Amino acid sequence: PPLSDAVVFSDNAQLAARLSCVLAKPGAYLPVIDGPRMQRPDREAEVIHRTNAVARSRARRVFLAGLTDIAADALAQKMPQQRLTRVQATDDLDRFAVVGTALGPPLIWGRERLGIGLLQALRARQSIVFEDRTSPNGHIPPKQDHLVVCEEGDELAQVIAANYAYALGAGLFLIGETPQDRVEQIMERFYSVYEGRDQSPSQALRKLRDELRGIAADVPVPAGGSITFISDGLPFGFAFPEVPSTHLFRYPALGIATLHGFAAEQQGTRGVQVATLVNPETTAAPEIDAAANILSEQRLFVRVYQGQGADVTSVSEMIELFPYDLLIIATHCGDVSGHRWTYDFTDSEGLPRKLVVD
């Protein structure tokens, strides 16, 4: 989809949702991005990443909605003043709508499951009002064949997911947030799948797939379609091999990453021109040969690291030093043998620490 002529920076998810109802247009993606994290030591980079995203979007209107004064001022110093509008929660948002656009009566929604309420309001061309009530369960089915599955726990991520789904005509399904200690435990099992003595790697992977599928719980997989997963780290796509899927991380830069993804494929942009394929040939990987043929037919420049040429040093240097738009690695290459030691200790200031050595 094309990009909207507006970009919203907000740390207030409910305000961002209300503003989305006013600004979003059918078939176009409205970027919603969190404000710069000014408490970080690299706060200048936080600001630059966001102003670069605005420049790439070619937006004519930039809304600073519910940001702290220090974050809003930092962004304002880097962008043309005539494009900026500061918005507070008490403002009349209807005045920002495109001339001639009228919204229906507001959708009354609870303060949870924001993404579902927002996508429902966007499709009905309504505004949205949040009150202290229980948000309905359920999901929004896709209009076409794509589904967005978003993990709860980050309300702004749900707002971004709803705008993403609206632009694509996709559905939206929310799954419960997984505690961080369980995320780490599951990922550790993925990393050590070849080290177990009591079961084969295939059995371990099957158990992991079943566990992830249980966490995702009742995802309505679109027949013949595809899924975008938005989560805090768990690779849910592994649990749904029957459909193509992609994975976006809620943190640290969901809004920026989503904008850049759409911007790269707009008309008049370069798009994908340079592809790199990596195949160590430790096992059959016919998809790499197929990708090389298809990409070459599209008149792309393709670099292939194959067999002995796909050694760790060469591939690492390529990833760090050579430009590419698309990187495909045969991921079933096996793991390097070795050991992992984990040290849990308390430092001299009494803080708990963990050191992992591979």
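*Asks:* Explain unusual backbone geometry to me, please; I cannot follow it from the model alone.
*Replies:* Most peptide bonds are trans, and most residues other than glycine sit at a negative phi. Looking along the chain, the bond that leaves Tyr 251 and enters Pro 252 is cis, with omega of 15°. Among the structural elements, Pro 252 can be located in the loop between strand E10 (245-249) and helix H8 (254-263). The phi dihedral of Arg 113 is positive, around 55°, even though this residue is not glycine. Summarising the element assignment, Arg 113 is placed in the loop between strand E5 (104-109) and helix H4 (114-124).

*Asks:* Is there a simple way to think about helix H5 (residues 155-168) in this case?
*Replies:* One turn of the α-helix equals 3.6 residues, which is why residues spaced by three or four share an orientation. Under the 1.5 Å per step criterion, the end-to-end length of H5 is 20 Å for 14 residues, consistent within 8% with the ideal 20 Å. The complete set of buried residues in H5 reads Leu 156, Ala 157, Gln 158, Val 159, Ile 160, Ala 161, Ala 162, Asn 163, Tyr 164, Ala 165, Tyr 166 and Ala 167. The opening residue of H5 is Asp 154, an N-cap whose side-chain oxygen sits 3.1 Å from the backbone nitrogen of Leu 156. With its phi angle positive at about 70°, Gly 169 sits one or two positions after the end of H5.

*Asks:* What is the right way to read the pattern of salt bridges from this model?
*Replies:* One pass over the full model with this rule turns up 18 salt bridges. Residue Arg 86 is joined to Asp 73 by a salt bridge in which the shortest nitrogen-to-oxygen separation is 2.7 Å. Of the two residues, Arg 86 sits in strand E4 (residues 84-87) while Asp 73 sits in helix H3 (residues 69-76), which places them 13 residues apart along the sequence. A salt bridge links Arg 111 to Asp 132; its shortest N-O distance comes to 2.6 Å. A residue pair is termed long-range when its members are at least 10 positions apart, and Arg 111 in the loop between E5 and H4 and Asp 132 in the loop between strand E6 (126-130) and strand E7 (146-151) qualify at 21 residues. According to the relative accessible area criterion, Arg 111 is partly exposed, its value standing at 34%. Note on Asp 132: relative accessible area 71%, which makes it exposed. Each of Asp 34, Arg 37, Arg 40, Asp 42, Glu 46 and Arg 50 takes part in one network of salt bridges that share partners.

*Asks:* Can you help me understand the side chain of Asn 163 in this one?
*Replies:* By the secondary structure assignment, Asn 163 is in helix H5. Only 3.1 Å separates the side chain of Asn 163 from the side chain of Ser 20, close enough to count as a polar contact.

*Asks:* What should I look at first to understand the environment of Ala 257 in this one?
*Replies:* Looking at the secondary structure, you find Ala 257 in helix H8. Residue Ala 257 is classed as partly exposed on the basis of its relative accessible area of 43%. Measuring from C-alpha to C-alpha, the distance between Ala 257 and Ile 33 comes to 9.4 Å, with 224 residues separating the pair along the chain.

*Asks:* Looking at this structure, I do not really get the sheet that holds E10. What am I missing?
*Replies:* Within a sheet, each strand pairs with its neighbour through backbone hydrogen bonds, oriented either parallel or antiparallel. The 4 strands are arranged E8-E7-E9-E10 in an open sheet whose pairing can be described as parallel. Whereas interior strands pair on both sides, the edge strands pair on one side only; in this sheet they are strand E8 (171-175) and E10. Strand-to-strand twist in this sheet, taken as the mean axis angle between neighbours without regard to direction, amounts to 20°.

*Asks:* Before we go on, may I ask you to explain the side chain of Ser 4 in this structure?
*Replies:* With respect to the element layout, Ser 4 can be found in the segment before strand E1 (6-10). Look at Ser 4 and you get buried, because its relative accessible area is 6%. A distance of 3.1 Å separates the side chain of Ser 4 from the backbone nitrogen of Ala 6, its partner in a polar contact. Discounting residues that sit within four places of it in the chain, Ser 4 has contacts with Ala 28, Tyr 29, Leu 30 and Pro 31.

*Asks:* Just to check I follow, could you spell out the environment of Val 272 for this structure?
*Replies:* Within the secondary structure, Val 272 is located in the loop between H8 and strand E11 (274-279). Along the backbone, Val 272 and Leu 326 are 54 residues apart, and their C-alpha atoms lie at a distance of 6.8 Å. Residue contacts for Val 272: discarding those within four places in its chain leaves Glu 265, Leu 300, Asp 325 and Leu 326.

*Asks:* Honestly, the packing of helix H1 (residues 13-23) against H4 in this entry has me stumped. Any pointers?
*Replies:* Helix-helix packing is characterised by the crossing angle of the two axes and by the distance between the axes. Contact geometry for H1 and H4: axes closest at 9 Å, N-to-C directions at 15°. By the angle class used here, H1 and H4 are roughly parallel. For the pair H1 and H4, the sense of crossing is right-handed. Here H1 contributes Ala 13, Gln 14, Ala 17, Ser 20 and Cys 21 to the contact with H4, which in turn contributes Leu 114, Leu 118, Ala 121 and Leu 122. Residues that form the contact of H1 with H4 fall into these classes: 7 nonpolar, 2 polar and no charged.

Quick notes on the rules
Residues numbered from 1 in each chain as written. Predicted model: local features only at pLDDT ≥ 70, side-chain atom pairs only at ≥ 80, totals over all residues. Heavy atoms only, no water. Helix = DSSP H or I, 4+ residues; strand = E, 2+ residues; numbered from the N terminus. Expected span 1.5 Å × (residues − 1). Buried < 20%, exposed > 50% of the residue type's maximum accessible area, 1.4 Å probe, protein only. Polar contact = N/O pair within 3.5 Å; in protein donor to acceptor, adjacent residues only side chain to side chain. Salt bridge = Lys/Arg side-chain N within 4 Å of Asp/Glu carboxyl O. Pairing = 2+ DSSP bridges. Axes fitted to C-alpha atoms, helices over the stretch in contact; angles between N-to-C directions. Contact = heavy atoms within 4.5 Å. Parallel < 35°, antiparallel > 145°, perpendicular 65-115°, else oblique. Left-handed = near helix turned anticlockwise from the far one by under 90°. Nonpolar A, V, L, I, M, F, W, Y, C, P; charged D, E, K, R; others polar.

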